[in-house]
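Inside the fold
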Amino acid sequence: MPAALKIRQPGAYSTVQDLGRFGYQRYGVPPSGAVDRFAAKTVNLLLGNHKNSAVLEMTIAGPIIEILTPCTLAVTGAAMSIKINGNLVDNWSSFAVVKGDVIAIGHAESGCRAYLGINGGIDVPMIMGSRSCYTDGRFGGHEGRPLVAGDILAYCDDQAGSIECRTLPAAYRPTYSSHWELRAIPGPQDDYFDQGLELFFSQKFTVTPQVNRMGYRLKGPKIERKNTMPASIISEPSLPGGVQVPEGGDPIILLSEQTVGGYAKIATVIREDIAKIAQTMPGDTIRFQRVSIAEALDIERKNKELYSFLKEEYSNAQSFAVLGKQYYKSEIFSEKLSNFLRQI
Amino acid sequence: MENNQQSKLFSEPVFRHVGDRGLLVEFSAEIDLETNQKIHAFSRLLENPLPEGVIEIIPSYRSLVLVYEPLVVDLQELKKMLTSLYRDLESNPIANPEIVEIPVCYGGEFGEDLEQVASHNGLSAEEVIRIHSETIYPVYMIGFTPGFPYLGGLSAKIHTPRLATPRTTVPAGSVGIANNQTGIYPIASPGGWQLIGRCPYKIFDPLRPNPFLIKAGDHLRFTPVSSQDFLKLQTGKA
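Conventions used here
Residues numbered from 1 in each chain as written. Chains lettered and ligands numbered in written order. Predicted model: local features only at pLDDT ≥ 70, side-chain atom pairs only at ≥ 80, totals over all residues. Heavy atoms only, no water. Helix = DSSP H or I, 4+ residues; strand = E, 2+ residues; numbered from the N terminus. Contact = heavy atoms within 4.5 Å. Areas by Shrake-Rupley, 256 points an atom, 1.4 Å probe, with all protein chains shown as cover. Lys, Arg positive; Asp, Glu negative; His and termini not counted. Charge placed at Lys NZ, Arg CZ, Asp CG, Glu CD. Pairing = 2+ DSSP bridges. Phe/Tyr/Trp six-rings, centres within 6.5 Å; stacked < 30°, edge-to-face > 60°. Buried < 20%, exposed > 50% of the residue type's maximum accessible area, 1.4 Å probe, protein only. Lys NZ or Arg CZ within 6 Å of the ring centre and 35° of its normal. Domains from an automatic or database assignment. Buried area = accessible area lost by both parts, 1.4 Å probe. Salt bridge = Lys/Arg side-chain N within 4 Å of Asp/Glu carboxyl O. Polar contact = N/O pair within 3.5 Å; in protein donor to acceptor, adjacent residues only side chain to side chain. Nonpolar A, V, L, I, M, F, W, Y, C, P; charged D, E, K, R; others polar. Core = buried A, V, L, I, M, F, W, Y, C linked by side-chain atoms within 4.5 Å. Axes fitted to C-alpha atoms, helices over the stretch in contact; angles between N-to-C directions.

1. Concerning the overall build of chain B
If you tally the helices and strands in chain B, you get five helices and 13 strands. Principal axes of the C-alpha set define a box for chain B whose edges measure 55 × 45 × 35 Å. Restricting to contacts in chain B with at least 6 residues of sequence separation, those with at least 24 account for 61%. Of the roughly 10,800 Å² of accessible surface on chain B, 52% is carried by carbon and sulfur atoms. Between the averaged position of the 20 positive side-chain charges in chain B and that of its 27 negative side-chain charges there is a distance of 1 Å.

So this is what it looks like as structure tokens:
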């Protein structure tokens, strides 16, 4: 496990995450994991890693990192500027760095969370089947906490993938605005509401400053329960995307660090749209769009096909590059080259 | 067990959708021990082995949630299977729950509020310890923090309101009372429970092969130990 990255400044809130920890929610352990799964999977794709390789989730402002060993990096998600020794490089593209380079990642100009990946994935201990950091539980990621200055991260060299630089074509990159449409399926307690449900699916809500990986508190028209329904429900498991409505009527979108909830959930944001929540900033507006389970499935299927397509494209590009390299090293090429040199 | 009344179990399971990858299965409208035991029995039957495409089963007070891969699982088929399993449950006897012994050193530095719990209820500290440790507590569900058990069964004789001002840190293993509930803190956290003692074992340790001492469906018994035994058990376990 070569030590690769030395954190000079940690950024606003940077944690190591993979795609999450599953099978332990019955023990009170939430899934955790990258909130924007699309950006996390894509950064790994650009590096030739497995999609579940651990990456650095950077929130609002990125870190300053010193490179300790040659490696390949990429940044996806929120538009944070990336400078190598002061020179800008592109987001959504992998780039090679060498020992002594200093990478400065700026603040989010649009979106909220960016993902830094490294060839092979960040090497932190696997705990309960995942490398994701769960800060409240104080385990996972790097020592169970957000990064601080002086931390050193290693990469898994046994899993190191291609080091040809790749870029995600602009057509596939999401754009982050300040207004968001989130697709959601009514329930599990949509029967607690009547006009409230109509209001929820037609009005705009504003993202408040009270947001984190546990949940997003929104402000907007008050959502009222039917007057026959109790203020709370008997506590039950909550899943990422659940929108609970507490007594005051201001909805809260529950995210990936919550296991139990005691308020009625009016709707649940589909998984493919949780990545959008990850990129909202306080002050942004949200409108919920009602979809059926069948529609959510179609969306998931299409996104899965897109991912497979990109993966295929990159594996072709990679093998082409490898073939090219072999050609340049081959005897046939050196013979041609020497013939050419003799002629001039 | 404690009630001979008619079962509160719904005759058919009630399904609710939790987005595109969760299915909530409700067993009854209220909290009831027998129903909760049925839920744990159901969950055990269901997970051996987990049906293809089902990622996890999360049991709770009166319901359970199945998390599934929507591109693998046929939701209608899954509901059919769950309904038939639910019907069979009615005729299946409930297995005896596992009893987990939790040693507790009551009072002193480990249970600073023991005297207050005693005086609030017009009892001596010894009586509080006796009442607290002679009950067997069913674990209805686990959640809120890793390993935190939601327990039933606290005797009304020792119900005590929360502290007016919560502590900023409660050490891991602390055993406390808040209103009609008793519980144990698996990790250090802020909290407003009246602390009556502490357990020397780690209720939750992410680095242990089995990180959890308690699972939903278990029953807990708190056993009083001396402060010398507390230290022995603590180091013996470490």
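2. A few points about the pairing of strand β9 (residues 102-108) of chain A
Sheet topology note: the strand β4 (residues 64-67) of chain A/β9(A) ladder contains three bridges and is antiparallel. Bridging across to β9(A), A:Ile64 finds its partner in A:Ala104.

3. Things to note about the packing of aromatic side chains
Under the defined criterion, the tally for this structure stands at 23 aromatic pairs over all chains. Seen in terms of ring centroids, B:Phe144 and B:Phe148 are 5.8 Å apart; in terms of plane orientation they differ by 80°. Their pairing is edge-to-face. By relative accessible area, B:Phe144 is classed as exposed at 58%. In this structure B:Phe148 comes out as buried when scored by relative accessible area, which is 9%. Here the aromatic cluster, defined as three or more aromatic residues joined through ring pairs, consists of B:Tyr61, B:Tyr140, B:Phe144, B:Phe148, B:Tyr150, B:Tyr185 and B:Trp193. Positioned over the ring face of A:Tyr307 is A:Lys41, at 4.9 Å from the centre of the ring.

4. Focus: the domain arrangement of chain B
Residues and elements named next belong to chain B. Examined at the domain level, chain B breaks down into domain 1 (9-91) and domain 2 (99-234). On a C-alpha basis, the centres of domain 1 and domain 2 stand 30 Å from each other. Contacts between domain 1 and domain 2 engage nine residues on the former and nine residues on the latter. Three residues, Leu33, His40 and Tyr61, lead the burial of domain 1 against domain 2; their summed loss comes to 61% of the area buried on that side. Inspection of the region where domain 1 meets domain 2 yields zero salt bridges. Where domain 1 touches domain 2, the interface holds three residue pairs in polar contact (both at pLDDT 80 or more). Residue composition of the side of domain 1 that touches domain 2, grouped by class: four nonpolar, four polar and one charged.

5. Let's talk about the nonpolar core
All names here are of chain A. Counting 45 residues, the largest nonpolar core has Phe200, Ile253, Ile266, Val269 and Phe288 as its most contacted members. Discounting chain neighbours no more than four positions away, the residues touching Ile266 are Pro186, Gly187, Asp190, Phe193, Gly196, Leu197, Phe200, Ile223, Val243 and Val245. Within the second largest apolar cluster, 29 residues are counted, among which are Ala54, Leu73, Ile84 and Val124.

6. Things to note about the sheet that holds strand β1 (residues 14-18) of chain B
Residue and element names in this part refer to chain B. Judged by pairing direction, the sheet is antiparallel, and its four strands sit side by side in the order β1-β2-β4-β3 without closing on themselves. Of all the strands in the sheet, the pair left with one neighbour each is β1 and β3 (54-59). Pairs of neighbouring strands in the sheet enclose a mean axial angle of 20°, with direction left out of account. Across five bridges, β1 lies against strand β2 (residues 22-26) in antiparallel orientation. Note that in β2 the partner of Phe15 across the bridge is Val25.

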